[in-house]
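Structural overview
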Amino acid sequence: MKSPNFVYLLTIATGIMIIGASCKKSSNNGNNSNPPSNPTGVVLASNSTFGNIITDNKGRTLYFFFNDAASGSACTGDCLVAWPSFYEDNLSIGAGLNASDFGVITRTDGVKQSTFKGWPLYYFQNDAKPGDVNGDKVGNLWAVAKADYTVMVANAQLVGQDGADYNDQGVAANGASMYLTDPTGKTLYLFSKDSANRNNFTKSDFSNDAIWPIDQVSGISSIPSVLNKDQFSTITVFGKTQLTCKGRPLYFFGQDNSVKGATKGVSVPTPGAGIWKVINNNTSAL
């Protein structure tokens, strides 16, 4: 005959087992309140509007901000509420993307942020689900992140080689101007003495190419949606392929030293002359 104490202990043990089983069942019923794990990487995702775009590995779209013309992030305060920054330590890289294109900056608030080709990466708060691309073209200052942009757009104060402020017409002025860059943010310029689809600057031996290197491309891929892709083409310059926009051949300025956001060429050779200017949607076609 079992003692009363034995029966009592058996009852408690049975109750514990039932409670444990109930808890285990509850944790697997699909109603777990724990938040999903953070994204661990970036991938190329197919989008019906933009083709292949860069998303996190949960499918959430990432974006570029044109005001990030220089090496840091210009999105602070309320901007970060609408456009949360993206960062992942030890970022995993999906197929079709190059690890060397990704980097990390430390923002002025001390927070780290992942970058692609020097452009900080962001989410958009109004993207409700994976695959949403509602942030593209917002304020004409944002673009979905893509790996194959032929050009990018920057929006910032232009500062000449003389240290003075200029606008997109090459005239001394304060205020941000939009302008084209290559995919890594290096400023592109037009030469006011060029003819339609004709480079009148570069010598046949390229002896002056170090001063104003041509924007040499293999072809035209994606273009940010704030621009008209039909306005871009290429010309052949002594055997090399140069990108054009609105019939205007595009160049870099050697003394910008390939620095993202440098715009020294706007004051060359004479401040205010507008011989070399940036190019944007306001630029007239040749």
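The structure this text deals with has already been given above.
Residues numbered from 1 in each chain as written. Predicted model: local features only at pLDDT ≥ 70, side-chain atom pairs only at ≥ 80, totals over all residues. Heavy atoms only, no water.

Describing the sheet that holds strand β1 (residues 41–47)
The 3 strands are arranged β2-β1-β4 in an open sheet whose pairing can be described as mixed. The outermost strands of the open sheet, each flanked by one partner alone, are β2 (51–56) and β4 (92–93). The sheet contact formed by β1 and β2 spans 6 bridges and is antiparallel. Bridge assignment links Ala-45 to a residue of β2, and that residue is Ile-53. (Pairing = 2+ DSSP bridges. Helix = DSSP H or I, 4+ residues; strand = E, 2+ residues; numbered from the N terminus.)

Things to note about the packing of aromatic side chains
In the structure shown here, the tally under the stated rule is 22 aromatic pairs. A ring pair is formed by Phe-64 and Trp-119, whose centres lie 6.4 Å apart and whose planes are at 45 degrees; its orientation type is tilted. With a gap of 55 residues between them, Phe-64 in strand β3 (residues 63–65) and Trp-119 in strand β7 (residues 119–120) connect regions that are remote in the sequence. For the pair Phe-64 and Trp-119, a shared accessibility class is recorded, and that class is buried. Lying over the aromatic face of Tyr-123, Arg-60 brings its terminal NZ or CZ to 3.9 Å of the ring centre. (Phe/Tyr/Trp six-rings, centres within 6.5 Å; stacked < 30°, edge-to-face > 60°. Buried < 20%, exposed > 50% of the residue type's maximum accessible area, 1.4 Å probe, protein only. Lys NZ or Arg CZ within 6 Å of the ring centre and 35° of its normal.)

Points about the nonpolar core
Trp-83 and Leu-180 are the most contacted members of the largest nonpolar core, which has 65 residues in total. With 5 residues, the single largest contributor to this core is strand β9 (residues 152–159). With near-sequence residues (within four places) excluded, Leu-180 lies in contact with Met-152, Val-153, Thr-187, Leu-188, Leu-227, Phe-232, Cys-245, Leu-250 and Ile-279. (Core = buried A, V, L, I, M, F, W, Y, C linked by side-chain atoms within 4.5 Å. Contact = heavy atoms within 4.5 Å.)

Brief notes about the pattern of salt bridges
Tallied over the entire structure, the rule returns 4 salt bridges. Asp-109 is paired through a salt bridge with Arg-107; the nearest N and O atoms lie 3.4 Å apart. Judged by relative accessible area, Asp-109 falls into the partly exposed class, the value being 45%. With relative accessibility at 5%, the residue Arg-107 sits in the buried group. With a closest N to O distance of 3.7 Å, Lys-186 and Asp-182 form a salt bridge. (Salt bridge = Lys/Arg side-chain N within 4 Å of Asp/Glu carboxyl O.)

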